[in-house]
Amino acid sequence: MGKALDGIRILDFTHVQSGPTCTQLLAWFGADVIKVERAGAGDITREQLRDIPDVDSLYFTMLNHNKRSITLDTKNPQGKAVLERLIRHCDVLVENFAPGALDRMGFGWERIQALNPRMIVASVKGFGPGPYEDCKVYENVAQCAGGAASTTGFDDGPPLVTGAQIGDSGTGLHLALGILCALYQRNRTGRGQKVLAAMQDGVLNLCRVKLRDQQRLARHGFMKEYPQYPEGKKFGSAVPRAGNASGGGQPGWIIKCKGWEEDPNAYLYFIAQAPVWKEICQIIGRPDWITDPDYATPNARLPRLKSVFAAVEAWTMTKTKFEAMAELNQHEIPCGPILSMEELAAEPSLRATGTIVEVDHPTRGRYLSVGNPIKLSDSPTEVTRSPLLGEHTRQVLAELGLSESEIVALEGAKVI
Ligand code: COA
């Protein structure tokens, strides 16, 4: 059947999480991803958070599926000569080094263009041009600098970071989209271009609705759907943290279910959607609220949402989150269980679609991973294991046209 990106070669200079997320996606869509790692060391995550001694960590294996690995010292003159050949050979160079590292290596944009004018050079950086452009950035720094932390958490608590890796994996996704657009444009122009995805920008893009709210707040001084409003709290000048309130015009909250005393995830997200208000009232045993002027309309309910969610909770606490969900779904009342990683790992439907996959690895054995979350009907994804350090060095160098004696010489000089 073939794959969407068959024939596209990626020179993958990524490490840690943001860049590898991007190149892993491209590999899943069929690109040949050649990961270049430091000779003798490799991507630092190979040894971070290890669960088995001397075996590539899950951190590494779960971000580097379907790639090939070569080791190359790109600061050595002989290594630079090999890198030149790789640049001529590939379509896209992807990197997420600290700012300026590629220039210091001697491979800035002009030099790469001189070697291969069709090459697309794609970068993740912490910040775009501006006062912070030289800073090194990790996930939580991006969450804080991109507006996520200031708008996450409860009003009376500190800013919070989220478990979803919106700074790293989120920016990797943004970069992958930029690369595909640049490849598409290259079909018309024949030229490569630079693609930049800054982590601050990516996080802010995902926090778009909060910038919407900033402007609403500036205009009116309050926002009715934020929990501060019914609680009579004063709004400040910046968008506050909204706890578990629903982002849009559908009031929602996280409520307890049966077993919450023991199980930290025995909770349900419940949305008091207006079109099913009647059904909600009937299920929770408050049919009087259907016509009560204090509760009958969404606007009347807004200042009373706490009592609404308390009544719903009194009902959900008599059911497990799955029982409550099954019953609510019968009446098309939107809700969702708080699923733990343990539950997700065991979820048969996610296994069936390949969103959770079991992968075999020669030194680690079998492990679970998240597969490709994007499904293409004509380009199915088969998740294969991450490469061992330098596993494909000889194979790739031979494809570049290096002879056996040249490869042996590079090995002798510890360039590869
Ligand atoms: N051969 C020789 N040298 C190599 C090499 C190779 N194959 N691959 C990398 N190096 C060198 C780089 O050239 C760089 O050298 P320099 O500092 O002399 O220029 C050096 O290794 C280290 O790279 P760097 O990116 O600075 O790593 P770091 O561990 O100091 O910083 C980050 C890590 C993530 C903070 C930084 O890379 C960064 O800010 N990246 C952009 C934002 C990002 O992606 N952050 C999220 C990470 S999940």
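Up top is the structure these notes are about.
Heads up: these notes are all about the structure in this document. (Residues numbered from 1 in each chain as written. Predicted model: local features only at pLDDT ≥ 70, side-chain atom pairs only at ≥ 80, totals over all residues. Heavy atoms only, no water.)

A few words on the pattern of salt bridges. Using the criterion set out here, one finds 26 salt bridges in the structure. Taking the shortest distance from any N to any O, the salt bridge between Arg 186 and Asp 91 comes out at 2.8 Å. With a gap of 95 residues between them, Arg 186 in helix H7 (residues 169-189) and Asp 91 in the loop between helix H3 (77-89) and strand E4 (92-95) connect regions that are remote in the sequence. Here the two residues Arg 186 and Asp 91 agree in accessibility, since each one is buried. (Salt bridge = Lys/Arg side-chain N within 4 Å of Asp/Glu carboxyl O. Helix = DSSP H or I, 4+ residues; strand = E, 2+ residues; numbered from the N terminus. Buried < 20%, exposed > 50% of the residue type's maximum accessible area, 1.4 Å probe, protein only.)

Now for helix H12 (residues 305-316). Its twelve residues give H12 an end-to-end C-alpha distance of 16 Å, which sits within 8% of 16 Å, the value for a rise of 1.5 Å per residue. Among the residues of H12, those classed as buried are Leu 305, Val 308, Phe 309, Ala 311, Val 312, Glu 313, Trp 315 and Thr 316. (Expected span 1.5 Å × (residues − 1).)

With that settled, consider the nonpolar core. Core analysis: the largest hydrophobic core is formed by 35 residues, its most contacted members being Ile 10, Leu 26, Val 94, Leu 175 and Ile 179. Broken down by secondary-structure element, the contributors of at least two residues to this core are helix H1 (18-28), E4, strand E5 (120-125), H7, strand E6 (194-198), helix H8 (199-206) and strand E10 (356-361). The contacts of Leu 175, once residues within four sequence positions are left out, are Cys 22, Val 94, Ala 122, Ser 123, Val 124, Val 195, Leu 196 and Ala 197. Core analysis: the next-biggest nonpolar cluster, separate from the first, contains 29 residues, Ile 70, Cys 90, Met 105 and Leu 115 among them. (Core = buried A, V, L, I, M, F, W, Y, C linked by side-chain atoms within 4.5 Å. Contact = heavy atoms within 4.5 Å.)

Structurally, the position occupied by Gly 167 is in the loop between helix H6 (139-145) and H7. Separated by 22 residues in the primary sequence, Gly 167 and Ala 145 place their C-alpha atoms 9.7 Å from one another. Beyond its immediate stretch of four places on either side in the chain, Gly 167 contacts Glu 139, Ala 142, Met 199 and Val 203.

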